[in-house]
Amino acid sequence: AVASAATVAEAAPSPPPLGTVTSRRPLVALGFGGIAGSMGGAASVAASGAGPVLGWTDTTEEAEEREELPCEQARFEATVRSRSDASVLSPRPDSPLALGSRHAPLRLLLVRHAQSANKCREPGKAAEADPGLTVFGFAQAEALGERLGVDLCAVAHGRGELLIVSSPMRRCLLTICPAVRQLALSSDSCLCHGGCYEFGCAGLGHPGTPWDRISQEFPEFRPTGFGLQGTWDYRGASVKESETEFRTRVLRVAQWLRSDEVQSASTVVLCVHQTLADLLCQLFIDGTD
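The structure presented is a predicted model; accordingly, all values stated were derived computationally and were not measured.

Draft legend 1. Representation of the overall build of the protein within the structure. A tally of helices and strands in the protein yields 7 helices and 8 strands. Looking at the 289 residues of the protein, the share that counts as buried comes to 54%. For the protein, long-range pairs separated by at least 24 residues make up 82% of all intrachain contacts whose partners lie at least 6 apart in sequence. Split by element, the accessible area of the protein, about 12,000 Å² in all, is 54% carbon and sulfur.

Below you can see the structure in the form of structure tokens.
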């Protein structure tokens, strides 16, 4: 689900039927071994049967600092169309994702951050490297939190079955924090993943915000996937992350979702960025990047 779709329901147009690919940004709820659900519109959760299911989102455009992967959207939509009769969303046997140790089904809900503060910066002012949210973005985050507080309440109190995972970037952490409060989750159920930052937002020239600073502002979370120096998980050799390095990083995130660290969860809410979410969908649906 995308957080910036968490607006008042009547303000959004009626979504197309599930399973329809539209010009709006795609979102998918993935289940290892099968689909578990989809979220869209005003952040509603819908159960579904087997098969790839697309929801929809009425998001605003990404802030100017985001860079698109060439043709990624078109490739993703074409893949979904070609796989529309598939019964499960499982990696192909020869896919690197098949190396994970997870066997139990996992519902994965993808959440795009709410409106970035860079959207409302003064004319001529440079974009912040790690912005927060606009006033509208905070309202979106609260609306999402209220809805997830209802829809995931039963899962949240089911012996560790719910896991919240966020990008280390402030706009994502601020987006998902209201849901953490609504669900009264402890840090055992809330992870900040150092490898889930947006494409091109780290590199040798910018290692990212260190965990000790993140933890001061967001004590609800505990760290995972950070570098040895407590910075974001950048392992390349470029001043700014390249496309190839990005693809390798997202593959690590996908493999982590099938690892022992996530084994106890039945539902994972992953609050990240559109480019990263698109590539994760590509990996899980098609098994390729």
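The rest of the description comes next.
Draft legend 2. Quick peek at unusual backbone geometry. The backbone of A184 sits at a positive phi, close to 55 degrees, despite the residue not being glycine. On the basis of relative accessible area, A184 is assigned to the exposed category, the value being 60%.

Draft legend 3. Region of interest: the confidence of the model for the protein. Averaged over all residues, the pLDDT of the protein equals 74, while 63% of them reach at least 70. Every residue in residues 1-74 scores below 50 in pLDDT, and together they form 206 contacts with partners more than four places removed in sequence or on other chains.

Draft legend 4. The packing of aromatic side chains, seen in detail. Tallied over the entire structure, the rule returns 3 aromatic pairs. Between F199 and F246 the ring centres are 4.8 Å apart and the planes differ by 45 degrees, which places this aromatic pair in the tilted class. Residue F199 is found in the loop between β6 (190-193) and α5 (211-217), and its partner F246 is found in helix α6 (residues 243-256); the two are separated by 47 residues along the sequence. This pair shows no difference in class: F199 is buried, exactly as F246 is. Across from the ring centre of Y197, 3.6 Å away, lies the NZ or CZ of R249, which sits over that ring.

Draft legend 5. A look at the pairing of β6. Side chains C190 and C192 project from β6 onto one buried face, and the interleaved L191 and H193 project onto a second face that is buried too. Here strand β5 (residues 162-166) runs beside β6; their pairing, made up of 3 bridges, is parallel. Residue S166 lies in a different strand from β6, and its bridge partner there is C192. As for the winding sense of the linkage, the β-α-β connection from β5 through helix α4 (residues 170-182) to β6 is right-handed. Direction of pairing for β6 relative to strand β7 (residues 222-224): parallel, over a ladder of 3 bridges.

Draft legend 6. Looking closely at the nonpolar core. In this structure, L162, I164, I176 and F221 are the most contacted members of the largest nonpolar core, which totals 36 residues. Those elements that provide at least two residues to this core are β4 (107-112), α2 (135-151), α3 (153-156), β5, α4, β6, α5 and β8 (267-272). Among the elements that take part in this core, α4 stands out by supplying 7 residues, more than any other. Not counting residues up to four positions away in its chain, the partners in contact with I176 are L144, L148, I164, S166, F221, V269 and C271. One finds L110, V253, V262 and L270 within the second-largest nonpolar core, a separate group that totals 26 residues.

Draft legend 7. Here's a closer look at the packing of α2 against α4. Contact geometry for α2 and α4: axes closest at 7 Å, N-to-C directions at 35 degrees. Where α2 crosses over α4, the two elements pack in a sense that is right-handed. Residues F138, A141, E142, L144, G145, E146, L148 and G149 of α2 form the contact with α4, whose participating residues are L174, T175, I176, P178, A179, R181 and Q182. Its residues assigned to classes, the contact of α2 with α4 shows 8 nonpolar, 4 polar and 3 charged.

Draft legend 8. Region of the structure containing the pattern of salt bridges. Scanning all chains against the criterion turns up 7 salt bridges. Among the salt bridges present, the one from R147 reaches D151, with a minimum N-O distance of 2.6 Å. Of the two residues, R147 and D151 are both situated in helix α2; the distance of 4 residues between them amounts to about one turn of the helix. In this structure R147 comes out as partly exposed when scored by relative accessible area, which is 30%. Of the residues examined, D151 reaches a relative accessible area of 29% and is grouped as partly exposed. A single network of salt bridges, built from pairs that share partners, joins D233, R235 and R252.

Draft legend 9. Representation of the state of the cysteines. One pass over the full model with this rule turns up 0 disulfides. Free of any disulfide, C177 has its nearest cysteine sulfur in C190, 8.2 Å distant.

So, how was this worked out
- Residues numbered from 1 in each chain as written.
- Predicted model: local features only at pLDDT ≥ 70, side-chain atom pairs only at ≥ 80, totals over all residues.
- Heavy atoms only, no water.
- Helix = DSSP H or I, 4+ residues; strand = E, 2+ residues; numbered from the N terminus.
- Buried < 20%, exposed > 50% of the residue type's maximum accessible area, 1.4 Å probe, protein only.
- Contact = heavy atoms within 4.5 Å.
- Areas by Shrake-Rupley, 256 points an atom, 1.4 Å probe, with all protein chains shown as cover.
- pLDDT = per-residue confidence, 0-100.
- Phe/Tyr/Trp six-rings, centres within 6.5 Å; stacked < 30°, edge-to-face > 60°.
- Lys NZ or Arg CZ within 6 Å of the ring centre and 35° of its normal.
- Pairing = 2+ DSSP bridges.
- Right-handed = clockwise from strand over helix to strand, strands pointing away.
- Core = buried A, V, L, I, M, F, W, Y, C linked by side-chain atoms within 4.5 Å.
- Axes fitted to C-alpha atoms, helices over the stretch in contact; angles between N-to-C directions.
- Left-handed = near helix turned anticlockwise from the far one by under 90°.
- Nonpolar A, V, L, I, M, F, W, Y, C, P; charged D, E, K, R; others polar.
- Salt bridge = Lys/Arg side-chain N within 4 Å of Asp/Glu carboxyl O.
- Disulfide = S-S within 2.5 Å.

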